Amino acid sequence: LFERIVLQVTAPLQKAIDVGWKSVADAWSHYLWLIDTERENVRLRLENRQLRANLEALQEIRLANERLRRLLEFRETTDLPALPAQVIAEDASSWFRTVVIDKGSADGLRQGLPVVVAEGAVGRIIASAPHQSRVLLITDASSAVASLVQRNRTRGIARGKGNLLTFDYAVRQAEIEVGDEIVTSGTGGIFPRGLPIGRVTRVTREAFGLFQAVEVSPVVDFSRLEEVLVLITEEP
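The following paragraphs examine the structure supplied in this document.

The rules we used
Residues numbered from 1 in each chain as written. Predicted model: local features only at pLDDT ≥ 70, side-chain atom pairs only at ≥ 80, totals over all residues. Heavy atoms only, no water. Pairing = 2+ DSSP bridges. Helix = DSSP H or I, 4+ residues; strand = E, 2+ residues; numbered from the N terminus. Axes fitted to C-alpha atoms, helices over the stretch in contact; angles between N-to-C directions. Phe/Tyr/Trp six-rings, centres within 6.5 Å; stacked < 30°, edge-to-face > 60°. Buried < 20%, exposed > 50% of the residue type's maximum accessible area, 1.4 Å probe, protein only. Salt bridge = Lys/Arg side-chain N within 4 Å of Asp/Glu carboxyl O.

1. A look at the sheet that holds strand β5 (residues 133–137)
The strand order β1-β2-β5-β4-β3-β13 describes a closed barrel built from 6 strands, whose pairing is antiparallel. For this sheet, the mean angle separating the axes of adjacent strands, direction not counted, is 45°. As defined by bridge partners, strand β3 (residues 114–116) adjoins strand β4 (residues 121–128) across 3 bridges and the pair is classed as antiparallel. Opposite P114, over in β4, you have R124 as the bridge partner.

Next comes the structure, spelled out in structure tokens:
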């Protein structure tokens with residue numbers, strides 16, 4: 001009878017202890033699981049960042065290889081010797097449009113040499129140090145390139161206008177249309193003939209006057225200029 005009474009009294013208490021201990025054990029296991037999960041998440045996040053960095057590096061290498069491949073293809077199409085160079089700086093002011101490349105007089109460069117990319121004309125060298133040169137872009141206000149309309153050979157001067165160009169001295173009677181391609185004429189003494197400069201985006205013909213106003217968008221994206229070719233022309 002005594003054992004039965006003790007068993008009857010202690011059974012609920014033992015059951016409560018078992019339930020409590022099981023709850024504590026489950027909570028502890030859950031806590032340890034959360035710690036392991038957090039550690040795994042941290043490891044996976046670090047691994048993910050590393051993989052993304054590697055992917056971006058591979059993407060940058062792919063883009064650089066693509067640009068260099070286009071430059072190489074362009075180099076094979078020209079009869080002039082060409083020296084590849086890297087853009088290492090650009091003018092941050094709003095008054096001038098120039099960039100600095102990592103080749104200079106020690107590499108055979110001099111003032112006046114034309115600078116191009118696969119898409120078309122970039123500018124010309126205006127100053128040269130032993131290992132750097134400054135290039136005046138064709139979009140600079142002081143730049144003027146002898147050029148013509150590829151479709152009908154109308155001649156004019158492509159002048160820089162900030163991010164755009166104007167095609168000056170095009171006679172009013174010439175049929176110039178939006179979309180016409182402007183190329184170098186080869187008569188300015190700087191650029192060889194046929195290099196793309198830009199495409200006509202607007203044409204205005206006044207009722208009077210000798211010339212029409214032509215606005216041109218450059219084919220080269222100067223905001224993403226990285227590798228260029230310097231064409232080694234003969235000294236005048």
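Having seen it, we continue.
2. Points about the packing of aromatic side chains
If you walk through the whole model with that rule in mind, you get 1 aromatic pair. Pairing Y169 with F211 gives two aromatic rings, centres 5.6 Å apart and planes at 85°, and the pair type is edge-to-face. Taken together, the positions of Y169 in the loop between β8 (164–168) and β9 (170–171) and F211 in strand β12 (residues 211–218) put the pair 42 residues apart, joining distant regions of the chain. Its relative accessible area of 45% is what places Y169 among the partly exposed residues. Take F211: its relative accessible area is 39%, and that puts it in the partly exposed class.

3. Some points on the pattern of salt bridges
Counted under the stated rule, the structure contains 6 salt bridges. Among the salt bridges present, the one from E181 reaches R199, with a minimum N-O distance of 3.7 Å. Residue E181 is found in strand β10 (residues 181–184), and its partner R199 is found in strand β11 (residues 196–204); the two are separated by 18 residues along the sequence. For E181, a relative accessible area of 18% gives the class buried. In this structure R199 comes out as partly exposed when scored by relative accessible area, which is 42%. With a closest N to O distance of 3.7 Å, D221 and R224 form a salt bridge. Owing to a relative accessible area of 40%, D221 belongs among the partly exposed residues under this scheme. Classification of R224 by relative accessible area gives exposed; the value is 65%.

4. Comments concerning the pairing of β4
Here β3 folds back onto β4 in antiparallel fashion, the turn holding 4 residues. Here β4 folds back onto β5 in antiparallel fashion, the turn holding 4 residues.

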